[in-house]
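# Understanding the architecture of this molecule
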Amino acid sequence: MALSEEDLCKIECDGFFLVDQVDLSIGSYYYKFAGAGEVFRELLGSKVFKMVGIKCAEYEYLPQKKCLMSKDLNSEQIMYTPSSFGMKGITLYDVYMGIERGRFNNPDQVKLSIEIMHFIDLLFSNIDRHSTNFGFYLDSNNNAELVLFNNGCFLSHYDIAT
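About the cut-offs
Residues numbered from 1 in each chain as written. Predicted model: local features only at pLDDT ≥ 70, side-chain atom pairs only at ≥ 80, totals over all residues. Heavy atoms only, no water. Helix = DSSP H or I, 4+ residues; strand = E, 2+ residues; numbered from the N terminus. Buried < 20%, exposed > 50% of the residue type's maximum accessible area, 1.4 Å probe, protein only. Contact = heavy atoms within 4.5 Å. Areas by Shrake-Rupley, 256 points an atom, 1.4 Å probe, with all protein chains shown as cover. Pairing = 2+ DSSP bridges. Salt bridge = Lys/Arg side-chain N within 4 Å of Asp/Glu carboxyl O. Core = buried A, V, L, I, M, F, W, Y, C linked by side-chain atoms within 4.5 Å.

All right, on to the overall build of the chain then. Helix and strand counts for the chain come out as four helices and eight strands. In the chain, the order of α-helices and β-strands from amino to carboxyl end is α-β-β-α-β-β-β-β-α-α-β-β. Taken over 162 residues, the chain has a buried fraction of 42%. Within the chain, residue pairs in contact and separated by at least 24 positions form 59% of the contacts whose partners lie at least 6 positions apart. For the chain, the exposed area adds up to about 8,900 Å²; of that, 56% sits on carbon and sulfur atoms.

Dropping the structure here:
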């Protein structure tokens, strides 16, 4: 990612694990401080979910700022969080009940995407999947598409350099 000096000055990663939004000359982005382990986990998680067809934040690492950056997923289309559809918890039962109460025209496809997400999280020991790190895009026909934006705990049981 090629950023101007002006853009780089707008990014303030101070070593805390915070996510922040910034408007750059190339668009709206989110960024967060990331050590080596976090970079590896986010990039691996994004690639795995992309391989199975689940939309995910596409992170890039900015070594000069020691942070990960992703295009603002709300910049092109509004993303709805699970709470928008009455999903209170993150168990499969909670999510399924929310889907049944939701306004999706493709509930079976949404359920399948959620099952795949949970399976991959289990397979890769992602212990931090909760209702504030995924959401849904809705098209004009109320068909939903699952969108993930935090995979920072992939392989959480492995000691990866930080």
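Past the structure itself, the notes keep going.
What follows deals with the sheet that holds strand β6 (residues 79–80). Strands sit in the order β3-β8-β7-β6 across an open sheet of four strands; the sheet is mixed. The open sheet has two free edges, formed respectively by β3 (55–56) and β6, since each of these has just one partner strand. Two elements, β3 and strand β8 (residues 144–148), share two bridges in a ladder whose sense is parallel. Across the sheet, K55 pairs through a bridge with V147, a residue of β8.

The next subject is the pattern of salt bridges. Counted under the stated rule, the structure contains three salt bridges. Close ionic contact of K50 with E58 constitutes a salt bridge, the shortest N to O distance being 3.9 Å. For the pair K50 and E58, one class covers both residues: exposed.

Right, let's get into the nonpolar core. F49, I114, F136, L146 and L148 are the most contacted members of the largest nonpolar core, which has 18 residues in total. Elements represented by at least two residues in this core include exactly α2 (36–51), α3 (92–101), α4 (107–123), β7 (134–138) and β8. The element that contributes the greatest number of residues to this core is α4, accounting for four residues. When residues no more than four places from it in sequence are discounted, the contact partners of I114 are L92, V95, I99, F134, F136 and L146. One finds L3, I11, L24 and L62 within the second-largest nonpolar core, a separate group that totals 10 residues.

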